[in-house]
Structure formats: structure tokens, C-alpha cells
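Secondary and tertiary structure notes
Take a look at the letters that make up each chain.
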Amino acid sequence: MTADPATPLPSHRQQPDAKGFFGPFGGAMIPPQLQQQMDEITHAYHRICRSHDFIRELRSIREHFQGRPTPVYYCKNLSQEIDGARLYLKREDLNHTGAHKLNHCMGEALLAKFLGKKKLIAETGAGQHGVALATAGAYFGLPVEIHMGAVDIAKQHPNVLRMKILGAKVVPVTFGAQTLKEAVDSAFQAYLVDPVSSIYCIGSVVGPHPFPLMVREFQRVVGIEARAQFQAMTGELPDNVVACVGGGSNAMGIFTAFLDDPVRLHGVEPLGRGPTLGDHAATLTYGTEGVMHGFNSIMLKDAKGEPAPVHSVASGLDYPSVGPEHAYLSRSGRTITGTATDEETVKAFFRLSRSEGIIPALESAHAVAYALKLAKERPDESILVNLSGRGDKDIDYVMENYAALADET
Ligand SMILES: *Cc1c(COP(=O)(O)O)cnc(C)c1O
């Protein structure tokens, strides 16, 4: 199944099928009592997302609370410096709370309100999803419980404080590697205790059906805006669209609008310290098919076939699987999978900060690092990067660990 990466797949509009499959990937491999809940959420979602009340309220929230539309920005200085491709950013870092995650959190919380749910439960990695959901909980007056690995709690202290200030309960997860994968396990356990009055608000296009579908639909506003904005600015479509891929929500958000276009779509995975298992989280690059957290996808496994330990300088990309639609689009050849190492990422973090006055999240800096490499290969083309979040949360970590790289850029 390999196609020219710029060729649309004829069938993607029908994806996923009624059972949540994107080709062989996706589905819902979950306990029977949860299946009933998922079916209910699926039916309710399909009904509610078409209702005028829901659409009107979500649009109003996006405009008046989130600050949408976010701009597309031409990086004049950086494009000049690299003397090659033209670089553009979709400024999701300018969303209220500083990342694209509020797009799906406000949607999920609004859905929870329409469903009459009494509590929002979620996991968080870098803390961005936790902060975004805590924000949504405050907005709608719904209690929020966030599960977070103890390692990430130590690394992302300001986001932990933000969640507490916003009134959310933060549950530290102290088993396993104490990062994102364990946080998902822990949040699922909490949700299973009372799946009727609570709802699990997944933080990316992962998990059992219908979450990969719902989160993609709530994020697709990014691509719809970016496509129109880019055309208004330049009179054409971008040659390349680049986004970092953890679970894959910001990437699906922007890719979805370009699937039918002759545009190369690049998903960038964290190569961390290098290609040895345990040193990276480059799932599509090194992984194989498998089931985790209730869905079939590509995942990184250890010798026993269990989810492997992963590493990335960006906590939000530290996940040993990937959204099923990404697995499908990458294996079918519609998207290109690239990587950026920790070091390339931190250099890009400083470079964008100094050239353009924009401090990117370490997650987003992966996409910038890859775009800088792509710019050398394709000097005549345009590259639109989804700048998924801002880097305020990362400044202490970067300066404590990588201050030496600041002057190398
Ligand atoms: C969480 C996060 C990501 C990774 O999540 P996706 O679902 O892959 O988008 C990327 N960028 C930022 C800023 C994040 O907070």
C-alpha cells in the first residue's frame, strides 16, 4: 500500500467505518460494560454534533473564549536566514492556555454537558491537556480529575500549579515509568469505576472508538482555518504541511483539511537520544502493529510484546503508540513520517525564539527542527508548520539542561 505522498486517498472521507476502523487500525478493544458506554457516546456525539445549539455554542466559545481564529504567520527572518524554503506557522500557541488542546477539550466538555455528565476525567503528559481540561471544567462548572505521572509532575511544575489553581484534582501516578502511558492506564481505571456519570476526555486522537474520530473532528478547525488563511496570504496551497506527532491530535487537526490536496503531509516523531529502544518515542518509524489502551495501531514493544519504555525531551510526545488514523495514513503512503532528535529540537527551540520572537513548546519545536531540515532539501517550496503550543512551560527545563545549546544556534 504505497502511494505518492502527495496523492489523496480516495476513501478517506468514509474513515473511520462504523466500528471505528481506519483500514486495519482503530476499533474498540474494551470490556463489555465499557462498550455500552462507548456506543452511547458515539450515538450521542453523532446526534449532538449536528445540532444547531451545539454548533452555535462551540463557535461562540472558539471566538470569544479561545481567541480563534489563530493567525498564520510568515517567518520572514528565519526564511531569509536559511536562504531556502519559505516557512509559515499556524499559531496554535496563541490559543487560550497556550496550545491546540483547548480545541478538543472545549468540544469534549461541551459534549459532556449535553450528555448530563457530572465529572471529567483525563490523563496528561506535559500537563497541557490537564490545564486545557481544567480550564474547560471551570468554564462549564464541571469537576475535573487529572491523572499525571510523577516524573512529569516534577518536570512540569507550573502546569501542575495551573491545574490546581483552576480547581482540578491532580492524581499522581507512581507505577511503571510514571509518565504518559501509566497516566492513561490510571485514568482509565478511574473512569471504569463510574462510566455512567463521568466521562473520560482523552487528550489526543487515541483510545477506543469514538475518541480518535471525535478528537479529530474537534481539531479540524485548525486545518480549515490554516488552509483558507494560507491561500488568502499567498494565492496558493502550501507545498508541505508539518506537524509533530505524539498521539497525533494537532497533526490530524491540520492534515485533515489537506487530505484531498496535492500537498505533502509530514508527521514528525521524537527520536530522543537516538534509535535504541527506550531512547525515543518514534512509533511509526520503529513500531509494529499491536493493541494498547483499547485500540489497534502501530506501537513500540519490548521483548515481551508489552508497551516499551519511551523517551523524549517533550513530555507531550512521550507515548509508545499513535492514533490509528496516523497508522493508516502513514502505512498507506499518504503521509510522510520524519523525526527530530532532542538536540535538534532544542536547537530549533532557541532558533525560532531568537529569529522570530516566538518561544515554541518543545513538542512543536520537533516540527520546527524537521521543517529546517526539509527546507534544505526543498529550497523552492513553502512549508506550513503547525506550531501546536508555546514554550513557557519548558523554559526552566531547557535552561537547566541545555543552556549550552543556546549559543550554538
Ligand atoms: C500534547 C501536545 C502535543 C502532542 O499531542 P498530539 O495529540 O500529538 O498533538 C503537541 N504539542 C503540544 C504543544 C502539546 O501540548
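Treat the numbers as computed from the prediction; the structure is a model and nothing was measured.

**Some points on the side chain of arginine 216**
In this fold, arginine 216 is placed in helix 9 (residues 211-219). Of note is the side chain of arginine 216, whose polar atom sits 2.9 Å from the side chain of glutamate 217. Residues contacting arginine 216, with those up to four places away along its chain left out, are Gln15, Pro16, Phe22, Val205, Phe211, Met252, Thr256 and Glu325.

**Structural notes on the packing of helix 2 (residues 52-66) against helix 5 (residues 128-140)**
It is at 14 Å that the axes of helix 2 and helix 5 come closest, and there the two elements cross at 110 degrees. Classed by the angle they form, the pair helix 2 and helix 5 counts as roughly perpendicular. Considering the relative orientation of helix 2 and helix 5, their crossing is right-handed. Taken together, the residues of helix 5 that come into contact with helix 2 (itself represented by Glu57, Ile61 and Phe65) are Thr135, Tyr139 and Phe140. The residue inventory of the contact of helix 2 with helix 5, partitioned by class, reads four nonpolar, one polar and one charged.

**Section: the domain arrangement of the protein**
How large an interface is tends to be reported as the accessible area lost when its parts come together. Along its sequence, the protein is carved into domain 1 (23-64 + 101-211) and domain 2 (67-99 + 220-408). Across the contact, 36 residues belong to domain 1 and 42 residues belong to domain 2. Carbon and sulfur atoms supply 61% of the area that domain 1 and domain 2 bury against each other, a total of about 3,100 Å² over both sides. The interface formed by domain 1 and domain 2 contains zero salt bridges. Where domain 1 meets domain 2, there are 15 residue pairs in polar contact (both at pLDDT 80 or more). For the side of domain 1 that touches domain 2, the element with the highest residue contribution is helix 8 (residues 180-193), accounting for five residues. Classifying every residue of the side of domain 1 that touches domain 2 gives 15 nonpolar, 14 polar and seven charged.

Reading the values: the criteria
- Residues numbered from 1 in each chain as written.
- Predicted model: local features only at pLDDT ≥ 70, side-chain atom pairs only at ≥ 80, totals over all residues.
- Heavy atoms only, no water.
- Helix = DSSP H or I, 4+ residues; strand = E, 2+ residues; numbered from the N terminus.
- Polar contact = N/O pair within 3.5 Å; in protein donor to acceptor, adjacent residues only side chain to side chain.
- Contact = heavy atoms within 4.5 Å.
- Axes fitted to C-alpha atoms, helices over the stretch in contact; angles between N-to-C directions.
- Parallel < 35°, antiparallel > 145°, perpendicular 65-115°, else oblique.
- Left-handed = near helix turned anticlockwise from the far one by under 90°.
- Nonpolar A, V, L, I, M, F, W, Y, C, P; charged D, E, K, R; others polar.
- Domains from an automatic or database assignment.
- Buried area = accessible area lost by both parts, 1.4 Å probe.
- Salt bridge = Lys/Arg side-chain N within 4 Å of Asp/Glu carboxyl O.

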